[in-house]
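Chain by chain, the residues run as shown.
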Amino acid sequence: MTSLEFHPKHQYVREERFPHVWCPGCGLGILLQSYIGAVEKSGIPQDNHVLVSGIGCTARIPGYVNMDTYHTTHGRAIPFATGIKLANPDLKVTVISGDGDLFNIGGNHFIHAARRNMDLLVICSNNFNYGMTGGQHGATTPPTSKSASTPYGNIEPAFNLPHLAYALGASYVARWTVMHPRQLVKSIKTAMEVKGFAFIEVLSPCPPNFAKFNGFADGFEEMEFYRSNSIVRNEAKLDDISIDPFHGKPVVLGDFVNRKRASYVTLERELIKKSMEGSR
Amino acid sequence: MIKESKINHDQGNIWRTPVNYERFPKPKGKIHIFPERCKECNYCTNYCPNEVLERSTSVNVYGYHPVRVKKGKEDSCVACGMCQTICPDFAIFVTEVRQ
C-alpha cells in the first residue's frame, strides 16, 4: 500500500473526508457506492448531477460525493430538489434520505411530489427506525419488532412504501437491499433514465439500534437475515409486499413498476410554449 | 492447477465441472487495502468466494483490525470484485493482473 494508489471511484468522492461517520457494518457506504456506480454508468456528466438530502445518517451521503450537493432542513429535501429541477430542468436531481426524513417528517412532500410526477429520483434508505437519535420507532418499523421506544414490541402497522409510491402515481418503483449492490446499481441507472417520479426503497441495517434491539449481533447478520429471507418478484402484487420478516413473511424485492406518465416538467414546458404562442 | 477448485464440492453437485475446464486461464487479481479506512464490518471476509481475506491482528489508528490477505492465499484472488462492490468504507479494491 503506497499513498500513490487511488480507489477506482476516487474522482466521485471527497476522499479527504474518509473514513466516514457511519458505524461499522452500516450499509450506507454501499448505497453511496451504488449511487456512484450508477452515476458512472448513466452517461450524464458528473457536473449535471445534483444530490439533495435532508437530516439523518443517510443525509450525510452528499457530504462525501464530489458533485453539487445540498444538505437541507429536516424532511424538506424533496421541496428543495423540486426547486432545483424547475429552475434548471437539464440537471439530474436525486434525493437520498432516510425513512425518518422522507416518510415521518416529510411524508406530505413525498406524496405531493409523486402526485405531480415531478422529475426526481428519490432513494429512501429504510433502516426501520430513527437511527441517529437512538433507535426510536417510526412509521416504517415492522409490527412486533423492538426499538428504543417500543421495548415490548411495536403495535403499529408499518408503511408499505412501494405500494404507497405506486398508488400516488410514481413512474418507477423498486425495492432492493444493500446486500444486492449489483441489482441496486442497475436499478438506480434505470431510474435515472425515467421521465417522472422514480422511487427506490433500499433496506439497510442499523447495527447499534435496530439490530441490537432485535437480537442481531451486527449489521452483517441483520442484512444476511433479510437477504436469506428475500425473494425477487418483479411482477409482485404491491398491496401484499409489506415488510414483516419476523413472522416468516419473505421480503419481496424487485423492479416493480416502470410506466409512462406525463411528467411535471414536460407538461410545464408544453404549457409555457402554448401560452407564448397564443400571446403573439 | 485447479487444486482449489470448489466448483462442485461446496454447492452439493449442482453442476458438473466442464470437460475443458482446465484449458481456460483463471483471472488473477491483486487486492489493494487502505488499512486506515477499514472498520472490520466483515462484509468482505464473508463475501469473498475464495475466502482470501481475514481480519488481521494489528490495529489501525482508530482501533479496528483491518482486513488482510490470508497467508498462502496470495494467488487465490480471481478479481471478481465482490469485496470492492460490497465494502461500505471504500477501503478495498481489486485490479486484474495481466498474465
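Quick caveat, the model's predicted, so the values are computed rather than measured.

Undergrad: Give a description of the overall build of chain A that names residues and reports values.
TA: Along its length, chain A carries nine helices and eight strands. Taking 2.2 N^0.38 as the reference for a compact globule, 280 residues should give roughly 19 Å; the C-alpha atoms of chain A span a radius of gyration of 19 Å, in line with that estimate. Based on the C-alpha atoms only, the size of chain A along its principal axes is roughly 70 × 50 × 35 Å. The proportion of buried residues among the 280 residues of chain A is 50%. A sequence separation of at least 24 residues applies to 67% of the contacts in chain A between residues at least 6 apart.

Undergrad: Can you tell me about the sheet that holds strand 6 (residues 198–203) of chain A, naming the residues and giving the values?
TA: Residues and elements named next belong to chain A. As summarised here, the arrangement of the eight strands in space is 2-1-3-4-6-5-8-7, forming an open sheet in which the pairing is mixed. Here the strands that pair on one side only, and so sit at the sheet edges, are strand 2 (68–71) and strand 7 (230–232). Direction aside, neighbouring strands of the sheet carry axes that sit 20 degrees apart on average. The strands touched by helix 5 (residues 161–168) are strand 4 (121–126), strand 5 (172–177), strand 6 and strand 8 (251–258); relative to strand 5, the strand with the most contacts, the crossing angle is about 170 degrees. The strands that helix 8 (residues 219–228) touches are strand 5, strand 6, strand 7 and strand 8; relative to strand 5, the one it contacts most, it runs at about 125 degrees.

Undergrad: Before we move on, can you summarise the confidence of the model for chain B with the specific residues and values?
TA: Residues and elements named next belong to chain B. Of all residues in chain B, 86% attain a pLDDT of 70 or more, and the chain-wide mean is 84. Contacts from residues 1–7, a stretch scored under 50 in pLDDT, to residues over four places away or in other chains number five contacts. Prediction confidence for the complex, expressed as pTM and ipTM, is 0.91 and 0.83 respectively.

Undergrad: I'd like a rundown of the environment of Leu 203 of chain A, residues and numbers included.
TA: Residue and element names in this part refer to chain A. Residue placement: Leu 203 occurs in strand 6. Taking the C-alpha atoms as reference points, Leu 203 and Asn 126, 77 residues apart in sequence, are found 4.9 Å from one another. Ignoring anything within four residues of it in the chain, the contact list for Leu 203 reads Asn 126, Thr 177 and Tyr 226.

Undergrad: Account for the pairing of strand 8 of chain A, naming residues and giving values.
TA: Residues and elements named next belong to chain A. For strand 5 and strand 8, the ladder comprises four bridges, and the chain directions are antiparallel. In the strand pairing of strand 8, Arg 175 is matched with Gly 254. Across three bridges, the pairing between strand 7 and strand 8 is parallel. The residue bridging Val 232 from the neighbouring strand is Leu 253, located in strand 8.

Undergrad: Got a sec to walk through the interface of chain B and chain A? Specific residues and values, please.
TA: At the interface, 18 residues of chain B touch 21 residues of chain A. Residue classes in the side of chain B that touches chain A are distributed as ten nonpolar, four polar and four charged.

Undergrad: How would you summarise helix 6 (residues 181–193) of chain A if you had to cite specific residues and measurements?
TA: Residue and element names in this part refer to chain A. Its 13 residues give helix 6 an end-to-end C-alpha distance of 19 Å, which sits within 8% of 18 Å, the value for a rise of 1.5 Å per residue. Every buried residue belonging to helix 6 is among Pro 181, Leu 184, Val 185, Ser 187, Ile 188, Ala 191 and Met 192, and all of these are buried. One side of helix 6 carries all its buried residues, which in axial view fall inside an arc of 165 degrees.

Rules and cut-offs
Throughout, a residue's number is its position along its own chain's written sequence, starting from 1. Lettering of chains starts at A and numbering of ligands starts at 1, both following the order in which they are written. Owing to the predicted nature of the model, reporting of local features is limited to residues with pLDDT of at least 70; listing and counting of side-chain atom pairs is limited to 80 or more, with chain, interface and lining totals taken over all residues. The numbering of helices and of strands both runs from the N terminus, where a helix is a DSSP run of H or I of at least 4 residues and a strand a run of E of at least 2. The atom set for the radius of gyration is the C-alpha atoms, and the globule formula is 2.2 Å times the number of residues raised to the power 0.38. Buried residues are those with 20 or more other C-beta atoms within 10 Å of their own C-beta, exposed residues have 12 or fewer, and partly exposed residues lie in between; C-beta atoms are placed from the backbone. The contact criterion used here is simple: two residues whose C-beta atoms, placed from the backbone, lie within 7 Å are in contact. Any two strands with at least two DSSP-identified bridges between them are counted as paired. Axis definition: a line fitted to C-alpha atoms, limited for helices to the stretch in contact. Angles are taken between N-to-C directions and run from 0 to 180 degrees. What pLDDT expresses is the predictor's confidence in each residue, scored from 0 to 100. Here the nonpolar group is Ala, Val, Leu, Ile, Met, Phe, Trp, Tyr, Cys and Pro; Asp, Glu, Lys and Arg are the charged ones; every other residue, Gly included, is treated as polar. Given a helix with a known number of residues, its expected span is that number minus one, times 1.5 Å. The directions considered for the arc run from the helix axis to the C-beta atoms.

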